[in-house]
Amino acid sequence: MTILVTGAAGFIGMHVAEALLGGGRTVVGIDNLNPYYDVELKKKRLDRLRMYKNFTFYELDISDRSALYAALGAHPGISLAIHLAAQAGVRHSLTHPFDYTAANVTGFLAILEVSRQLDHLKHLVYASSSSVYGANNDLPYRVDQQTDRPVSLYAATKKANELMAHAYAHLYGIPMTGLRFFTVYGPWGRPDMAYWRFTEKIMKGESVPIYNHGDMKRDFTYIDDVVKGILEVLVHPPEKGGAEPPHKVYNIGNNRAEKLLDFVAIIEKTLGLEATRELLPMQPGDIKETFADIDPLRHDVGYEPATSLDEGLPKFVRWYQEYSED
Ligand code: UGA
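All values reported here derive from a predicted model rather than from experimental measurement.

Novice: I would appreciate a short explanation of the pairing of strand E3 (residues 55-59) in the present structure.
Specialist: Two faces, one strand: in a regular strand the side chains alternate between the faces of the sheet. Looking at chain direction, strand E2 (residues 26-31) and E3 are connected through 5 bridges and run parallel. In the sheet register, Val-28 faces E3, and the bridge partner there is Thr-56. Viewed along the sheet, the connection from E2 through helix H2 (residues 39-50) into E3 turns out right-handed.

Set out below in structure tokens:
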């Protein structure tokens, strides 16, 4: 069984690919190694995957259709696909809008189109985001709430992915599942996200920029729980031939809204250092609070997050301490 993982040099992509390879699966990985954040980190993640002989890697941009078709043409047996390649980052989308349409709209379309050519494809799982809930939904967020009022371009492109997937599932019967990730963190994570920025700055004695004066909450989700969830979802494709197209969307979160200031306190405690807090206003495009209702995913695939923030965040911090010494 060959499984495609796009964004294989990314944070979630590397962990998912590693879990699959460790379980004896054959993985075809794709990534463009874009410089949004440290390319050396991405190369180190890839080095881990390259230790497995059943891993094949293509450095290409998914919005480059001909490169994508040429690479996947060599792997007609791909039966499952996990599409994680994207331009991530909520606030960055205000300053670099065209990067988001290129990767998340044109690139996503290329993935849908190439999926039509993969005769053995049974299921395409793709990354959506908690940001699609915008600013005015009741908590916890449920998948049946309105999501047509995004407050950032990033969120708009992720919602566009869900709509495009629905249309392709309807037109071509490709079974697809969108996962709305809720602020995923852990070892080998993303330097642009709060857990990494805060840890790095506290260790360097620099002040920590805290938005909305700290009056924020996030449903922080530990990477191992997310990987387990993705792999469960992967083997549960939506059924074909029913009244609805074979397309589903789920939240994948930790089912707890944690205060940003408590999050900072856990990092301080783990490091044994005190942060200098720089309290800043709310950033445009940001959401004050996220909190995932995960009952549908629990019910359909048995997803159960097992890692509290108290347990998971120190794991990241300790990993970062070692990583930054290398
Ligand atoms: C993250 C990812 O960046 C998105 O790609 C992903 O889709 C999204 O999670 C999601 O799960 O929906 P975000 O929740 O904004 O977005 O994650 P962080 O950048 O780690 O921010 C977490 C919290 O810390 C937010 O409240 C943010 O405003 C705050 N923050 C972030 C700061 O106070 N200071 C910073 O320097 C960075």
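Next, the rest of the story.
Novice: Looking at this structure, I do not really get the site of the ligand. What am I missing?
Specialist: In the vicinity of the ligand, 23 residues are found, and the nearest of them are Arg-91, Ser-130, Tyr-154, Thr-183 and Asp-286. A distance of 2.9 Å separates an oxygen atom of the ligand from a polar backbone atom of Tyr-211. Considered on its own, the ligand offers 690 Å² of accessible surface; in the complex 97% of this is hidden by protein. Considering each element in turn, the shell around the ligand owes the most residues, 3 residues, to helix H7 (residues 194-204).

Novice: Teacher, can you tell me more about unusual backbone geometry here?
Specialist: In terms of backbone geometry, most residues other than glycine have negative phi values and most peptide bonds are trans. The linkage connecting Leu-139 with the following residue, Pro-140, adopts the cis geometry, with an omega of -10°. With respect to the helices, strands and loops of the structure, Pro-140 is situated in the loop between strand E5 (123-129) and helix H6 (153-172). Phi at Leu-33 is positive, roughly 50°, even though this residue is not glycine. Mapping Leu-33 onto the fold places it in the loop between E2 and H2. Positive phi is not limited to glycine here, since Asn-212 has a value of about 50°. Relative to the assigned elements, Asn-212 resides in the loop between strand E8 (207-210) and strand E9 (217-218).

Novice: Would you explain the packing of helix H5 (residues 97-117) against H6 in this entry?
Specialist: For any two helices packed against each other, the geometry comes down to the angle between their axes and how far apart the axes lie. Contact geometry for H5 and H6: axes closest at 10 Å, N-to-C directions at 15°. Of the possible angle classes, the one that applies to H5 and H6 is roughly parallel. For the pair H5 and H6, the sense of crossing is right-handed. Every residue of H6 that contacts H5 at Pro-97, Tyr-100, Asn-104, Val-105, Phe-108, Leu-109, Leu-112, Glu-113 and Arg-116 is listed here: Leu-153, Tyr-154, Thr-157, Lys-158, Asn-161, Met-164, Ala-165, Tyr-168 and Tyr-172. Residues belonging to the contact of H5 with H6 are distributed by class as follows: 12 nonpolar, 3 polar and 3 charged.

Novice: Looking at this structure, I do not really get the confidence of the model for the chain. What am I missing?
Specialist: Parts of the model with low pLDDT should not have their predicted coordinates read in detail. Looking at the chain, pLDDT values average 98 and 100% of them are 70 or higher. Element-level mean pLDDT values for the chain span from 96 in helix H3 (residues 65-73) up to 99 in strand E6 (residues 176-181).

Rules used in this analysis
- Residues numbered from 1 in each chain as written.
- Predicted model: local features only at pLDDT ≥ 70, side-chain atom pairs only at ≥ 80, totals over all residues.
- Heavy atoms only, no water.
- Pairing = 2+ DSSP bridges.
- Helix = DSSP H or I, 4+ residues; strand = E, 2+ residues; numbered from the N terminus.
- Right-handed = clockwise from strand over helix to strand, strands pointing away.
- Near = heavy atom within 4 Å.
- Polar contact = N/O pair within 3.5 Å; in protein donor to acceptor, adjacent residues only side chain to side chain.
- Areas by Shrake-Rupley, 256 points an atom, 1.4 Å probe, with all protein chains shown as cover.
- Axes fitted to C-alpha atoms, helices over the stretch in contact; angles between N-to-C directions.
- Parallel < 35°, antiparallel > 145°, perpendicular 65-115°, else oblique.
- Left-handed = near helix turned anticlockwise from the far one by under 90°.
- Contact = heavy atoms within 4.5 Å.
- Nonpolar A, V, L, I, M, F, W, Y, C, P; charged D, E, K, R; others polar.
- pLDDT = per-residue confidence, 0-100.

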